[in-house]
Amino acid sequence: MADTVQFDLVSPERLLTSVAAKEVRIPGAEGDMTAMPDHSPLITTLRPGILKVVSAEGEADYVVTGGFAEINADGISVLAEKAIARDDITQEHFKTLVDEASDKLAKAQEVYVNEPGPVDDAAKLLADMVAMGDHIGLSAN
Amino acid sequence: MPNLKDLKNRIESVKSTRKITKAMQMVAAAKLRRAQEAAEMARPYAERFNAVMSKLAASVGDSDSAPRLLRGTGEDNVHLLVVMTAERGLCGGFNANIAKLARTEAESLKAHGKTVKIITVGKKGRDALKRDFGDLFIDHVDMTGVKNIGYDDAQAVAKNLLDRFDKGEFDVAKIFYSEFENVVSQIPTMQQVIPFQVDESAAEDEADANVVYDYEPDEEAILADLLPRGVATAIFSGLLENGASEQGARMSAMDNATRNAGEMIDDLTIEYNRSRQAVITNELIEIISGAEAL
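Analysis parameters
- Residues numbered from 1 in each chain as written.
- Chains lettered and ligands numbered in written order.
- Predicted model: local features only at pLDDT ≥ 70, side-chain atom pairs only at ≥ 80, totals over all residues.
- Helix = DSSP H or I, 4+ residues; strand = E, 2+ residues; numbered from the N terminus.
- Rg over C-alpha atoms; globule rule 2.2 N^0.38 Å.
- Buried ≥ 20, exposed ≤ 12 C-beta atoms within 10 Å, placed from the backbone.
- Contact = placed C-beta atoms within 7 Å.
- Nonpolar A, V, L, I, M, F, W, Y, C, P; charged D, E, K, R; others polar.
- Pairing = 2+ DSSP bridges.
- Core = buried A, V, L, I, M, F, W, Y, C linked by C-beta atoms within 7 Å.
- pLDDT = per-residue confidence, 0-100.
- Axes fitted to C-alpha atoms, helices over the stretch in contact; angles between N-to-C directions.
- Parallel < 35°, antiparallel > 145°, perpendicular 65-115°, else oblique.
- Left-handed = near helix turned anticlockwise from the far one by under 90°.
- Expected span 1.5 Å × (residues − 1).
- Arc of directions from axis to C-beta.

Enquirer: Tell me about the overall build of chain A, residues and numbers included.
Expert: When you go through chain A residue by residue, the secondary structure sums to 2 helices and 9 strands. For chain A, the sequential pattern of α-helices and β-strands runs β-β-β-β-β-β-β-β-β-α-α. For chain A, whose C-alpha radius of gyration is 16 Å, the value lies close to the compact-globule estimate of 14 Å for 141 residues. Projected onto its principal axes, the C-alpha coordinates of chain A cover approximately 50 × 30 × 25 Å. Classification of the 141 residues of chain A by burial places 35% in the buried group. If you take every contact in chain A between residues at least 6 apart in sequence, the share linking residues at least 24 apart comes to 50%.

Enquirer: Requested: an account of the overall build of chain B, with residues and values cited.
Expert: Scanning chain B from terminus to terminus reveals 7 helices and 6 strands. Ordered by position from the N terminus, the helices and strands of chain B form the series α-α-β-α-β-α-β-α-β-β-α-β-α. Relative to its length of 294 residues, chain B is extended, with a C-alpha radius of gyration of 28 Å against a globular reference of 19 Å. When the backbone C-alpha atoms are referred to their principal axes, chain B occupies close to 110 × 40 × 30 Å. Within chain B, the proportion of its 294 residues that are buried is 33%. Considering only residue pairs separated by 6 or more positions, chain B has 80% of its internal contacts joining residues 24 or more positions apart.

Enquirer: Account for the interface of chain B and chain A, naming residues and giving values.
Expert: Listed as interface residues are 21 residues of chain B and, on the opposing side, 21 residues of chain A. When contributions to the side of chain B that touches chain A are tallied by element, the ones reaching two or more residues are helix 1 (4-60), strand 6 (214-216) and helix 7 (219-293) of chain B. When its residues are assigned to classes, the side of chain B that touches chain A shows 15 nonpolar, 2 polar and 4 charged. Summarising the sheet, strand 4 (residues 42-46) of chain A and strand 6 of chain B pair through 3 bridges and their orientation is parallel. Residue pairing across strands places Ile43(A) opposite Tyr215(B), the latter belonging to strand 6 of chain B.

Enquirer: With reference to specific residues and values, describe the nonpolar core.
Expert: Side chains that are nonpolar tend, in soluble globular proteins, to be buried together. All names here are of chain B. In terms of nonpolar packing, the biggest core is built from 101 residues, with Val-82, Val-83, Phe-176, Ile-194 and Ile-235 touching the most fellow members. When residues of this core are assigned to their parent elements, the largest contribution, 16 residues, is made by helix 7. In this structure Val-82 touches Ile-119, Val-121, Leu-161, Ala-173, Lys-174, Ile-175 and Phe-176, once residues within four positions along its chain are discounted.

Enquirer: I'd like a description of the confidence of the model for chain B, backed by residues and values.
Expert: Residue-level pLDDT values for chain B average 86, and 93% of them are 70 or greater. This complex was scored by the predictor with a pTM of 0.84 and an ipTM of 0.77.

Enquirer: A description of the pairing of strand 4 of chain A should follow, citing residues and the corresponding values.
Expert: Where strand 4 of chain A lies against strand 7 (residues 67-72) of chain A, 5 bridges are found, and the strand directions are antiparallel. Each bridged residue has a counterpart across the sheet, and for Leu46(A) the counterpart in strand 7 of chain A is Gly67(A).

Enquirer: Before we move on, could you go through the environment of Cys91(B) and cite the residues and values that matter?
Expert: Residues and elements named next belong to chain B. Tracing the backbone shows Cys-91 in the loop between strand 1 (78-84) and helix 3 (94-111). Residue classification places Cys-91 among the buried positions, given that 24 C-beta atoms sit within 10 Å. Expressed as a C-alpha distance, the spacing of Cys-91 and Glu-12, which sit 79 residues apart in the sequence, is 24 Å. Cys-91 has contacts with Ala-86, Glu-246, Ala-249, Arg-250 and Ala-253, leaving out every residue within four places of it along the chain.

Enquirer: Mind laying out the packing of helix 5 (residues 151-166) of chain B against helix 7 of chain B, listing which residues take part and the relevant values?
Expert: Any two packed helices are characterised by the angle at which their axes cross and by the distance between the axes. Residues and elements named next belong to chain B. One can describe the packing of helix 5 onto helix 7 by two numbers: an axis separation of 8 Å at closest approach and a directional angle of 125°. One element, helix 5, and the other, helix 7, form an angle in the oblique class. Between helix 5 and helix 7 lies a crossing whose hand is right-handed. In this structure, helix 5 contributes Tyr-151, Asp-153, Ala-154, Gln-155, Val-157, Ala-158, Leu-161 and Leu-162 to the contact, and helix 7 contributes Pro-228, Val-231, Ala-232, Ile-235, Phe-236 and Leu-239. Of the residues belonging to the contact of helix 5 with helix 7, the class tally is 12 nonpolar, 1 polar and 1 charged.

Enquirer: Describe the packing of helix 1 of chain B against helix 7 of chain B, naming the residues involved and giving the relevant values.
Expert: Residue and element names in this part refer to chain B. Remark: helix 1 packs on helix 7, axes separated minimally by 5 Å, with the N-to-C direction vectors making an angle of 160°. With respect to each other, helix 1 and helix 7 are oriented roughly antiparallel. Considering how the two elements wind past one another, helix 1 and helix 7 form a crossing that is left-handed. Partitioned by chemical class, the residues of the contact of helix 1 with helix 7 number 34 nonpolar, 15 polar and 13 charged.

Enquirer: Give a description of the confidence of the model for chain A that names residues and reports values.
Expert: For chain A, per-residue confidence averages 82 on the pLDDT scale, and residues scoring 70 or more make up 93% of the total. Per-element confidence in chain A is highest for strand 1 (residues 5-10) of chain A, whose mean pLDDT is 90, and lowest for helix 2 (residues 116-136) of chain A, whose mean pLDDT is 75.

Enquirer: Give me the lowdown on the pairing of strand 3 (residues 31-35) of chain A, citing residues and values where you can.
Expert: Sheet analysis places strand 2 (residues 15-28) of chain A next to strand 3 of chain A, joined by 5 bridges and oriented antiparallel. Looking at the pairing, Gly28(A) lines up with Gly31(A) of strand 3 of chain A.

Enquirer: Talk me through unusual backbone geometry; I want residue IDs and the actual numbers.
Expert: All names here are of chain B. A cis amide bond, omega -10°, links Ile-194 with the succeeding residue Pro-195. With respect to the helices and strands, Pro-195 occurs in the loop between strand 5 (186-194) and helix 6 (200-209). A positive phi angle is found at Leu-90, which is not glycine, with a value near 55°. By secondary structure assignment, the location of Leu-90 is in the loop between strand 1 and helix 3.

Enquirer: Explain helix 1 (residues 91-111) of chain A to me, and be specific about the residues and the numbers.
Expert: All names here are of chain A. Taking 1.5 Å per residue, 21 residues should reach 30 Å; helix 1 reaches 30 Å between its end C-alpha atoms and fits that length. Among all positions of helix 1, only Phe-94, Leu-97, Val-98, Ala-101, Leu-105 and Ala-108 are buried. Burial along helix 1 is one-sided: seen end-on, the buried residues are contained in an arc of 95°. The exposed residues of helix 1 that point more than 90 degrees off its buried face are Glu-92, Thr-96, Asp-103, Glu-110 and Val-111.

Structure below.
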């Protein structure tokens, strides 16, 4: 069994990191998961959260706001909508993310008056975002 | 024969034009490098994204429950053309080529009895198409204030598109942009973004590998989440390609202009020297014949 797996984190604008990882903790839409070498092929969407990469160089955390992850025999690719290294994220930055999520919720409530689906989705997005902020010590206000 | 002073003025003015074109060329070269880098950095995302999308789209197939963005509205009547061009001119045939491709497409669609609607991104495309298709314009996205194209800009355009699609304003959407091949060649390109078109080659590759994926949540939910992003991704790579193409086109156009100005200066200088010589000869003749007359 190989003890590392190729891991790539890409955002639409650039390739953030590409390392041989020992394990990757992914905030999946239906729950967190840890992907290790020889994981079975899987595609999942992401929720806002912290992505943790453990490699020979140590651990690295990234804040991701959504997107998806693909795991196959070649490695793990995470295609995040927005991805920021945890050390680079500031209160201001986080505030914009939360504001965006709140806007989305407000709009969803306006547009889909009788359909709970999109409103719940937006509410969950906001809740996830706030929970993530608590986790890394940033407040939503 | 123009007099000496006029010639001298003209030489001066062409010289300052050459300075300007030279400066523009250098600015374009610097910007080109940055635009090219941006386009290259965005490539891994787009490639992987399309690979996954094609895989998913192929497995969901044409079933009735497939999302509308993949299946289409089932009709083919209203076509929306998103024409993406630059905000500025002086870049050779760049804007004109994109506009030409869009015009050909619009005319052929019209000839087939389809309804055409146009959204322009970038001022120059709007100007070029206004005369013939001004009544078909439904929106315009202004990119004047955008210095470095970000994913957010593409997302805004995509959202505009998706909202209109949800309202049933069109059946098929195509984007027009210029693919950057190298500094001297940019290829005007048309790409259909709604409904999503499966990239055959990517889907086939996957069939070879024959990997069975787990999906979390299920395939259709993922696809519904990804398709709108696919539109944004396609627009984003279009915009980036456009950005690089624009600078490349401007660079070669300004290089040509600089060279032409140089030639013109040479020609004018020869003409200037000749006229000066002629004036001197004339003066000499006058002096000599004056002396002889005494």
